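Architecture and fold: a report
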Amino acid sequence: MKSYTAVCLEGAIIVLGCIIFSLFASSPPVVDASKEAVTQVWSYVGEMIFNMLVLVGAIKMADTVMQKMLGI
């Protein structure tokens, strides 16, 4: 029962992380017209990579927290 609860809570945290990530990803990127196009593209790519790393970190954290909280 404890393991089932942990998996359900972990799934809930992952779903919450995906919702937050989709909100970040759907917001329009900041465009600075005074910069070159290449700089704008690299800025956007960097922002997306950062958001993906935050999502992966949240998923790994959810797994670790559930294991430590429930002692499994």
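Since this is a predicted model, take the numbers as computed values, not measurements. (Residues numbered from 1 in each chain as written. Predicted model: local features only at pLDDT ≥ 70, side-chain atom pairs only at ≥ 80, totals over all residues. Heavy atoms only, no water.)

**Focus: the side chain of E10**
The test is simple: Only DSSP runs of H or I with at least four residues qualify as helices, and only runs of E with at least two residues qualify as strands; both kinds are numbered from the N terminus onward. To sort residues, take the accessible area from a 1.4 Å probe on protein chains only and compare it with the maximum for the residue type: under 20% means buried, over 50% means exposed, and anything in between is partly exposed. Note that His is not counted, nor are the chain ends; the positive residues are Lys and Arg, and the negative ones are Asp and Glu. Salt bridges are identified by distance alone: a Lys or Arg side-chain nitrogen within 4 Å of an Asp or Glu carboxyl oxygen. Working rule for contacts: check all heavy atoms of both residues, and any pair within 4.5 Å makes them a contact.
As for its position among the elements, E10 is in helix α1 (residues 2–26). Here E10 is buried and forms no salt bridge, its nearest opposite-charge partner K60 lying at an N-O distance of 8.6 Å. What E10 contacts, discounting residues up to four positions off in sequence, is A62, D63 and M66.

**Overview of α1**
Convention followed: The span expected for a helix works out to 1.5 Å for each residue beyond the first.
For α1, with 25 residues, the first-to-last C-alpha span of 36 Å sits near the 36 Å given by 1.5 Å per residue. Taken together, the buried residues of α1 touch α2 (37–70).

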